[in-house]
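What the coordinates show
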4 protein chains.
Amino acid sequence: MSSTFGTVFFVTTWGESHGKGVGAVLEGCPAGLPITEEEIQAALDRRRPGQNKLTTPRNEKDQVRIMSGVFEGKTTGTPISFVVENEDQHSNDYEDIKKWYRPGHADLCYDLKYGFRDYRGGGRSSARETIGRVAAGEVARKLLKTVNQTEILAWVSSVGNIDCPPVDLDTISMEQIEASPVRCPDPATSAAMEQEVLDARKNKDSVGGIVTLLVRKPPIGLGEPVFDKLDAKLAQAMLSIPACKGFEIGSGFSAARMRGSQHNDTIYFDGREYHTKTNNAGGVLGGISNGEYIVCRLAFKPTATLLQAQDTASNNGENGQLSAKGRHDPCVALRAPVIVESMAALVLADMYLQQKRNCL
Amino acid sequence: MSSTFGTVFFVTTWGESHGKGVGAVLEGCPAGLPITEEEIQAALDRRRPGQNKLTTPRNEKDQVRIMSGVFEGKTTGTPISFVVENEDQHSNDYEDIKKWYRPGHADLCYDLKYGFRDYRGGGRSSARETIGRVAAGEVARKLLKTVNQTEILAWVSSVGNIDCPPVDLDTISMEQIEASPVRCPDPATSAAMEQEVLDARKNKDSVGGIVTLLVRKPPIGLGEPVFDKLDAKLAQAMLSIPACKGFEIGSGFSAARMRGSQHNDTIYFDGREYHTKTNNAGGVLGGISNGEYIVCRLAFKPTATLLQAQDTASNNGENGQLSAKGRHDPCVALRAPVIVESMAALVLADMYLQQKRNCL
Amino acid sequence: MSSTFGTVFFVTTWGESHGKGVGAVLEGCPAGLPITEEEIQAALDRRRPGQNKLTTPRNEKDQVRIMSGVFEGKTTGTPISFVVENEDQHSNDYEDIKKWYRPGHADLCYDLKYGFRDYRGGGRSSARETIGRVAAGEVARKLLKTVNQTEILAWVSSVGNIDCPPVDLDTISMEQIEASPVRCPDPATSAAMEQEVLDARKNKDSVGGIVTLLVRKPPIGLGEPVFDKLDAKLAQAMLSIPACKGFEIGSGFSAARMRGSQHNDTIYFDGREYHTKTNNAGGVLGGISNGEYIVCRLAFKPTATLLQAQDTASNNGENGQLSAKGRHDPCVALRAPVIVESMAALVLADMYLQQKRNCL
Amino acid sequence: MSSTFGTVFFVTTWGESHGKGVGAVLEGCPAGLPITEEEIQAALDRRRPGQNKLTTPRNEKDQVRIMSGVFEGKTTGTPISFVVENEDQHSNDYEDIKKWYRPGHADLCYDLKYGFRDYRGGGRSSARETIGRVAAGEVARKLLKTVNQTEILAWVSSVGNIDCPPVDLDTISMEQIEASPVRCPDPATSAAMEQEVLDARKNKDSVGGIVTLLVRKPPIGLGEPVFDKLDAKLAQAMLSIPACKGFEIGSGFSAARMRGSQHNDTIYFDGREYHTKTNNAGGVLGGISNGEYIVCRLAFKPTATLLQAQDTASNNGENGQLSAKGRHDPCVALRAPVIVESMAALVLADMYLQQKRNCL
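Please read all numbers here as calculations on a predicted model, not as lab measurements.

On to the interface of chain D and chain B, then. Counting residues at the interface gives 41 residues for chain D, matched by 41 residues for chain B. Summed over both partners, the interface of chain D with chain B comes to about 3200 Å²; 61% of that surface belongs to carbon and sulfur atoms. At the surface where chain D touches chain B, the tally comes to four salt bridges. D:Glu85 is the partner of B:Arg65 in a salt bridge, and the nearest nitrogen-oxygen pair spans 2.9 Å.

Here's what the structure looks like:
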C-alpha cells in the first residue's frame, strides 16, 4: 500500500470513505512559505461533491485543519498534517456491496490482494482519498507560484463524444473554467456537455471524459532522468487518480502518425532565452522541462457505479446482479480538474526541490 | 538524476553513449533464481542495433558480464552488477552537436539543467542507457516466469498510418514477433510497415509508431494503491523510455467516449476463480491486477535525429542549421519492444515482491 | 526534515509540542493484524509525563484516536493514522526561550537550519514527537508478537554513577520494570536511583542514564546487509531518540579491549537449531539476527533544561543568562524505555517484512 | 539486501570477495565537481591490504576505473560507476569454510537468511565490499572540501588496552596518522599498539580497537530531524562497517554519568557567529550540526578469523572444529580509518545536499 508520493517533497494520504476521517502529511516543504487554512479549504471546496446538479448530492463540508508544520502563518520546514473528519455517512447505503463485487470497481481486487476490505463506500479506493492530495497539492501550487509565478490549470476538454474546440493557452483562466458547471471553458461546449451528462444520468448510466492539463511558466530544467523524467512522473501521478486510463503529453498518440520533420520543434534563441517555434514536445524533452507550456491530456473512464442492474459475482462465488444505490457522479471527469492540478503541482514542486541540488 | 527504478526490487542504470561502458546494478532479487549470462545476452541481442537494414548500422557486440550476485548459476540475494564495455565509438561523428542543439533532443535541456553535458552521442540520454534496463529486466522476466509462468510480449502495432489488425492475444508468440523485421506479427502489415520505414529513410526523414504490450498470466493482486497503482507505475515505466509520448491501458482514451454500461467488465465466478467477460480494464482495477491479460499501448514519436538540415540554435545563442550525420534508426519504435517488455517485467517483479508482505 | 522511518513498514510522525496535536501515519502494515485503540493507549500511558514525582507534572491525557486503516478490529493493509490532540499548553511558560537559546537544546540549530522556528515548548524537537513513534511502535510490537512470539523490553540500567547489577535476561518482565518508579528492575538499585534523581532535582540540576534493550525470540535472518544491517538500523533508531548520545550492541565498546579468542561466540547445533554458547555478538552477526537475544545499551545525556541560571546567547547576538521555568523531567532516561522498545519494534517489524522477499 | 545508502546523494555497492569484481554506483552528485581516477585510487590505496607487516599479505592492486558520470574531468550530474576487477584470488584457501561456519562471522546468518551463500572469502560480507564505499566516499569528501573546506579525519585511538592520549583536534593531520603503521598519531602509543598487534598475531589471535572520527569545519545546519538526525545517520553508517559494535558522539556514554550543569555546552556569540565553550555535544544538537567539531568514537571487535582451532558447527549439523587458513589482519581497526572517513563523508554530503532545499 504505497500511499506516499514524491521523493524529497512527499505526501502520505490516509483515510477511508466511511472511517473517522481522511487526511495527509506533507513532508519536505521548505521553511518560510506563507500558507493558510483558508487557501487549502478553497481548493477542497473545488473538489467537494454537492456543488451542483451534475455531481453527487452527498454534502460534506470537508473542513480541513492544519495540525502541524505551520507557525505564525508560515511553514516551519516540519511535516504539515491535514485532518478532515468524516461526516454525512450513510453506511447502510452500502450493505449490498459488502457481498456483491461492483463491476468496474476495485472491490474484488482488494479482496484478492488483502484477504478482506473495508467495504463501506469503497473504503480506501473511494474518491475521498483525493482530499489529502488536494490539500497537499495546494501547498505545492503555492510554492511554485511563489518561486516562479507558475500557473497550473486543468479543464474538461471532452465528455463522451463532445469535444471542446482548441482554447487559447495564453489566456485561459481558472475563472473561465470554474464558471462552467462541467469545468469546460468554452460556453457552447459546456452546455452540450451538460446535456450529455444529464442524459447519462437519466438513463441510469454514466459517461467518460478527457481532462487537459496546462502548466504556464514552469521552472526550467525540472525532471530527473532517467526514470523520474518529468513526463514519466506526471504519467504516474495522473494514472494514480481513480478512473484515469490514459496519459499523453504534447503531440501524444498523434506523434506516432507523424514524420520527424513535422514533429521536431525548431529551437531558436530570442536574445534572452531559448524557445521552440512549435510545442509538440509538450514542454518536456528528454524528461526535462524546457520552459515551454507543459500540456497533457488524460482519459477518464465513465463512473463505474450505475443505478441500473449489472451482472456480477459475490464474495462467496455466486453469480447474480447488483443495482447500486446511493449518490454517484455520472461523470467523474467533472471533478477531476482540481485533482489533476494538485497532482501536477506535487510532481513539479518535488522536481523543483530536487533540481536545487543538481549543480554545484 | 534518478537512475534508480523500483521499490524493493530496484535497478540503477549507469553509463553514457561514448564513455567507457554502460551497465546496471539490480538489487532486491531473491536468492535462488537460476540465471545465466547467456539469457541476459539473448535479450540484449534483441535490443542491439545493426540487426537489419531498418535499424542503424552501428554494430556493437554489447557483450554483457555479470560481475556479482550470481553464484553457481543462481542468484545469491546480493546486488547483481552488469557491465557492458563500449566499443565502436565514432566520437568525431558528433562534433557538430557539441555546438548545435539537435531539435527534438535533450541536448538543450541537459545544458539548462546541469550547466554542461557529455555531448558525445547524446551522453546519458542515448538509447544505449536502455542496455542496463534490458539486462535487469531479463532477471525480472525470469523471476515472474519461475513463480507464475507469466509471459510478457510487446510488438509494433502501428508505424505512421499503417495499423496492425487485431491479433489473437491468446496465441501471439515472441517467435511471430521476432520473425518480422519491424516486429509486427501480421506478415502483410509487416511488409507495409517496412516500406513506410524505408520511405522515411529515403526522404532523410523518420516516422513514429505504436507498441502494444501484453502480459499473460500476471500474478493476481499486484499493484500498491494509492500512488503506486500497477497502471500508474507502468505508465511511469513506459514514459521513461526515450521517445515515448503516450500511454493507455485497456480501453484507454476510447474509454472517454463510452458510457459506463458499455465499459464495465462483467464479473463472474467460473467455479474456481473470478474472471471478467470483457477486458476494458486492461487487467487492472483500482490499481490492482485482477488476473486478466494486462494490455497497454504506447506512442513513440519519430526519431528526432534527421539527416536533412534543420533550423536550430547553438550553445552560444546563434540561430542556424544542423544536418545530422552518423547512424540513426528511422523508426525508434522498432527497437522498443524488448525495452517495453523489460520495463513491464521490472514493474511486475517489484510489485510481486511487495505483495509478499501485504497479508499476515 | 525526515520524519519518516522504515523501508517497507514505515512511520511518519508529525506535530509540535504546542500546536494543535501530534500523531503518526503508519504504512506497510499487513492486513489482518488485530489491534485496538486500547492497546495503543496503554503504551502511550507508559510514555506519558505526570506519572509520578520523578517526572514532569505536565499532565496530558494523550488520548489517541485511530483514524484509518483498522476495520472491524483488524488492520486492512491501508495507512493507519493516529491523532492525539494537544491539551494543557502553557505557552506563556516559554516566552523567554523565544529569545534566548537554551544550552544543550536544538533551538539555535533549528534557527541556523530553517531560518526560524516554532519556539513554543521546543516545537518539533519536543519529546512529544515521540508519541507518534510509540503509537506506531505498538503496532509493530503486536505484529512481531503475533508472528514470532517476540518480546521486547527496555529498562534503566544506570542513573548517574548508580549501576544496576546484571539481570536475568531469561526472566526479566515488563511488570518488574514498570513496578519501579525509575524503571529499574532491581529494587535496591531502583531506590538508590530514585534518590539520585531527587538529589539532582533538589539542586535544580539533571542527571544522565543508560537504558538496556532486550529482544527475546527475535525472528531469525533479519537485517539487510550491507548498509541496513540490523544493528546499524537499531543504532540509527536509538540515536534518533532525543538525548541519546551512544549505542552499543552485545560486547560493544568492551569488544575493543578483547582478543578474538575471548570474543568469538562458539557455534553449536543442538539437534534442532544453531546456537552460540556466549553472546558477545548481541544477537547480530554480519548485520543479521542469529536468533540469540538482541542486547543493546544506550546512553542518555542529562536533561538539558535546568531551573538554574545558565550562560547563553540570544537570537540577536546578545550574551546573557537564561533560567528555565516550566515542567521538566530531571532524568530523561526514565521515560525512555517505552520509546526504546517502540523504536526497536519498528526496526524489527520492517526487517521482518523485508525478509519475506529474500528467498524465492 | 540493502546495498544502497543515502537519500539524495546515494551509493550502491556491489561485489563479492571472489567474484569477478567489486564496485559502486554513486547517484545524486551535482554536476561540475572536479574529480579524477587518481584521487579515488589514492583513497583506495589507503584501504588496501598488504601495506605493511601488520595487515594481511594479500596483495591486490585494487585498480579503479570510473566508467561513467565524469566528462572532461568534472562530474556531469549522472551516475558515477566505479569498477574494480578482482585479482589474486586463492579460492582453494577457503574450501573448509564451505562446510564449517566461522565463529564471529556472518556465514551461518547468510545461510539462515538466504538459504545458501557464496562462501568464497566471505562473499558479500567480505571487507572487500568497502572498496565501493571508499571510492564513493572520496567523491563526497571532495564535494565537502570544495563547498565548505570541510576536513574529515579518523585514527586509531585504542588497540586492546592501549589508549592514545588526547590529541590536539585543531592540528592533527592525515600525514601524522598515515605516518604510523597502526594509524595512531601519537608515536609512542603507535609503537605500543604495534607490539600489541604483533603479540596477538604471534598467539594466532586477534585484538580489537577504537577509532576516533573528527570533522573540522562541517557545514552548519546539516541533519534532518526527526529520524535522519545527523548523529543517527552517522551511527547507522558506522555500525554498517564490518566489525563495528559501538558508536558514541561527543560525551557519549560518559554523558550518562554527568549532571546537566556539567554537560550543557554554554552558547556564546563571538560577534560573527555562534559557538559553544565546550563540545560535549560533539558538534550535533537535536540532530543538527552547530558548526563545532564533530567527534565520534567507534568500537571495533577483534578480527573473527583466527589461525587457531575453534569449536563450531557445520552446515549439516555436525559439531567440530575449524582452523582458519589464509591471510587475515589481526586487528581490523587498523584499516578502518579510511572507511570511517568515507562513511562520514557520504553522510555529510547527503545531508549537505538535502539542506539545500530546506529554506525557501
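This part takes up the sheet that holds strand β7 (residues 80-85) of chain B. Hydrogen bonding along the main chain pairs the strands of a sheet, whether they run parallel or antiparallel. All names here are of chain B. In space, the five strands of this open sheet follow the order β1-β2-β3-β7-β4, with antiparallel pairing throughout. In this open sheet, the two strands that pair with only one neighbour each are β1 (4-5) and β4 (64-68). As paired elements, β1 and strand β2 (residues 10-15) share two bridges and run antiparallel to each other. The residue of β2 that forms the bridge with Thr 4 is Thr 12.

It is worth spelling out helix α4 (residues 130-148) of chain B at this point. Residues and elements named next belong to chain B. Given a rise of 1.5 Å per residue, 19 residues ought to cover 27 Å, and the 26 Å separating the end C-alpha atoms of α4 matches this to within 8%. Most of α4 is tucked away, with 15 of its 19 residues classed as buried. One or two residues past the end of α4 sits Gln 149, with phi positive at roughly 55 degrees.

Here we come to the relation of the copies chain D and chain B. Mapping chain D onto chain B calls for a rotation angle of 180 degrees and an axial translation of 0.0 Å; the resulting RMSD is 0.0 Å. Such a turn and shift between the copies fits a two-fold axis. A share of 100% of the interface residues of chain D reappears at the interface of chain B, consistent with the copies meeting face to face through the same patch.

This next bit is on the sheet that holds strand β2 (residues 10-15) of chain D. All names here are of chain D. Taken in spatial order, the five strands line up as β1-β2-β3-β7-β4 in an open sheet, and their pairing is antiparallel. Of all strands in the sheet, those bounded by a partner on one side alone are β1 (4-5) and β4 (64-68). The strands touched by helix α1 (residues 37-47) within the sheet are β4 and β7 (80-85), with β4 carrying the most contacts at an inclination of about 140 degrees.

On to the side chain of A:Ser342. Residue and element names in this part refer to chain A. Here Ser 342 lies in helix α9 (residues 336-355). Owing to a relative accessible area of 1%, Ser 342 belongs among the buried residues under this scheme. Within the structure, the side chain of Ser 342 is placed 2.8 Å from the backbone oxygen of Val 338, a separation counted as a polar contact. Apart from the residues lying within four places of it in its own chain, the contact partners of Ser 342 are Arg 133, Val 134 and Gly 137.

The next point concerns the packing of aromatic side chains. The final tally for this structure, using the stated rule, is 22 aromatic pairs over all chains. Aromatic side chains B:Tyr110 and B:Tyr114 sit 5.7 Å apart centroid to centroid with 40 degrees between the ring planes, which places their arrangement in the tilted category. With a gap of four residues between them, B:Tyr110 and B:Tyr114 both fall in helix α3 (residues 107-114), about one helical turn apart. Considered together, B:Tyr110 and B:Tyr114 belong to a single accessibility category, that of buried residues. Ring pairing ties together the aromatic residues A:Tyr101, B:Phe269 and B:Tyr274, which thus form one cluster. The ring of B:Tyr114 carries B:Lys113 above its face, with NZ or CZ at 5.7 Å from the centroid.

Following A:Pro225, the chain continues into A:Val226 via a peptide bond in cis, with omega recorded as 20 degrees. Mapped onto the elements, A:Val226 comes out in the loop between β10 (209-216) and α7 (230-239). Look at C:Gln149: it is not a glycine, yet its phi comes out positive at around 55 degrees. The backbone of D:Arg183 shows a phi angle near 60 degrees, a positive value even though the residue is not glycine. Mapped onto the elements of the fold, D:Arg183 is located in the loop between α5 (174-178) and α6 (187-202).

Take the pattern of salt bridges next. Under the criterion given, the structure shown has 111 salt bridges over all chains. In this structure, the salt-bridge partner of D:Arg48 is D:Asp45, at a minimum N-O distance of 3.6 Å. Accessibility expressed as a relative area gives 29% for D:Asp45, which makes it partly exposed. Ionic contacts of the salt-bridge type, sharing partners, join the residues A:Arg46, A:Glu138, A:Arg141, A:Glu178, A:Arg183 and A:Glu341 into one network.

What follows is about the packing of α4(B) against helix α9 (residues 336-355) of chain B. Residues and elements named next belong to chain B. Close contact between α4 and α9 brings their axes to 7 Å; oriented N to C, the two are set at 50 degrees. When the axes of α4 and α9 are compared, the pair comes out oblique. Our pair here, α4 against α9, has a crossing hand that is left-handed. From α4, Thr 130, Arg 133, Val 134, Ala 136, Gly 137, Ala 140, Arg 141, Leu 143, Leu 144 and Val 147 reach across to α9, where they touch Val 338, Ile 339, Glu 341, Ser 342, Met 343, Ala 345, Leu 346, Leu 348, Ala 349, Tyr 352 and Leu 353. Tallied by class, residues from the contact of α4 with α9 come to 15 nonpolar, three polar and three charged.

So, on to the interface of chain B and chain A. In this complex, chain B contributes 110 residues to the contact, which on the side of chain A involves 110 residues. For the pair chain B and chain A, the two sides together bury roughly 8200 Å², of which 59% comes from carbon and sulfur. Three residues, B:Lys113, B:Phe227 and B:Lys245, lead the burial of chain B against chain A; their summed loss comes to 11% of the area buried on that side. At the junction of chain B and chain A, the tally comes to eight salt bridges. The partner of A:Lys113 in a salt bridge is B:Glu224, and the shortest N-O contact between them spans 3.0 Å. At the junction of chain B with chain A, the criterion picks out 59 residue pairs in polar contact (both at pLDDT 80 or more). In this structure, strand β11 (residues 244-249) of chain A lies alongside strand β11 (residues 244-249) of chain B, joined through three bridges in antiparallel fashion. Of the residues in β11(B), the one forming a bridge with A:Gly246 is B:Glu248.

Below, the discussion takes up the state of the cysteines. What makes a disulfide is a covalent bond joining the sulfur atoms belonging to two cysteines. Counted according to the given criterion, the structure contains zero disulfides over all chains. Among the cysteines around A:Cys244, which has no disulfide bond, A:Cys296 carries the closest sulfur, lying 11 Å off. When its relative accessible area of 2% is taken as the criterion, A:Cys244 is described as buried. Between C:Cys359, a free cysteine, and B:Cys29, which holds the nearest cysteine sulfur, the sulfur-to-sulfur gap is 11 Å.

Let us look at the relation of the copies chain B and chain A. Two copies of the chain are present, and they differ by a rotation about an axis and a shift along that axis. Expressed as a screw operation, the relation of chain B to chain A combines 0.0 Å of axial shift with a rotation of 180 degrees, fitting to an RMSD of 0.0 Å. Comparing contact sets, 100% of the residues at the interface of chain B also lie at the interface in chain A, consistent with an isologous, same-surface contact.

So, about helix α1 (residues 37-47) of chain C. What sets the pattern is the α-helix's 3.6 residues per turn: residues three or four places apart point alike. Residues C:Ile40, C:Gln41, C:Ala43, C:Leu44, C:Arg46 and C:Arg47 constitute the buried set of α1(C). Next to the buried residues of α1(C) lie β4 (64-68), β7 (80-85), α4 (130-148), α5 (174-178) and α9 (336-355) of chain C.

Moving on to the pairing of strand β3 (residues 21-27) of chain D. Residues and elements named next belong to chain D. Of all seven residues making up β3, seven are buried, and the element is well covered by its neighbours. In β3, alternate side chains face the same way, and those of Gly 21, Gly 23, Val 25 and Glu 27 on one face and Val 22, Ala 24 and Leu 26 on the other are all buried. Sheet analysis places β2 next to β3, joined by six bridges and oriented antiparallel. Bridge assignment links Trp 14 to a residue of β3, and that residue is Gly 23. Direction of pairing for β3 relative to β7: antiparallel, over a ladder of six bridges.

Glancing now at the confidence of the model for chain A. Here chain A averages 94 in pLDDT, while 95% of its residues score no lower than 70. Of the two predicted TM-score estimates for the complex, the pTM is 0.97 and the ipTM is 0.97.

Rules used throughout
- Residues numbered from 1 in each chain as written.
- Chains lettered and ligands numbered in written order.
- Predicted model: local features only at pLDDT ≥ 70, side-chain atom pairs only at ≥ 80, totals over all residues.
- Heavy atoms only, no water.
- Contact = heavy atoms within 4.5 Å.
- Buried area = accessible area lost by both parts, 1.4 Å probe.
- Salt bridge = Lys/Arg side-chain N within 4 Å of Asp/Glu carboxyl O.
- Pairing = 2+ DSSP bridges.
- Helix = DSSP H or I, 4+ residues; strand = E, 2+ residues; numbered from the N terminus.
- Expected span 1.5 Å × (residues − 1).
- Buried < 20%, exposed > 50% of the residue type's maximum accessible area, 1.4 Å probe, protein only.
- Least-squares fit on C-alpha atoms with pLDDT ≥ 70 in both.
- Axes fitted to C-alpha atoms, helices over the stretch in contact; angles between N-to-C directions.
- Polar contact = N/O pair within 3.5 Å; in protein donor to acceptor, adjacent residues only side chain to side chain.
- Phe/Tyr/Trp six-rings, centres within 6.5 Å; stacked < 30°, edge-to-face > 60°.
- Lys NZ or Arg CZ within 6 Å of the ring centre and 35° of its normal.
- Parallel < 35°, antiparallel > 145°, perpendicular 65-115°, else oblique.
- Left-handed = near helix turned anticlockwise from the far one by under 90°.
- Nonpolar A, V, L, I, M, F, W, Y, C, P; charged D, E, K, R; others polar.
- Disulfide = S-S within 2.5 Å.
- pLDDT = per-residue confidence, 0-100.

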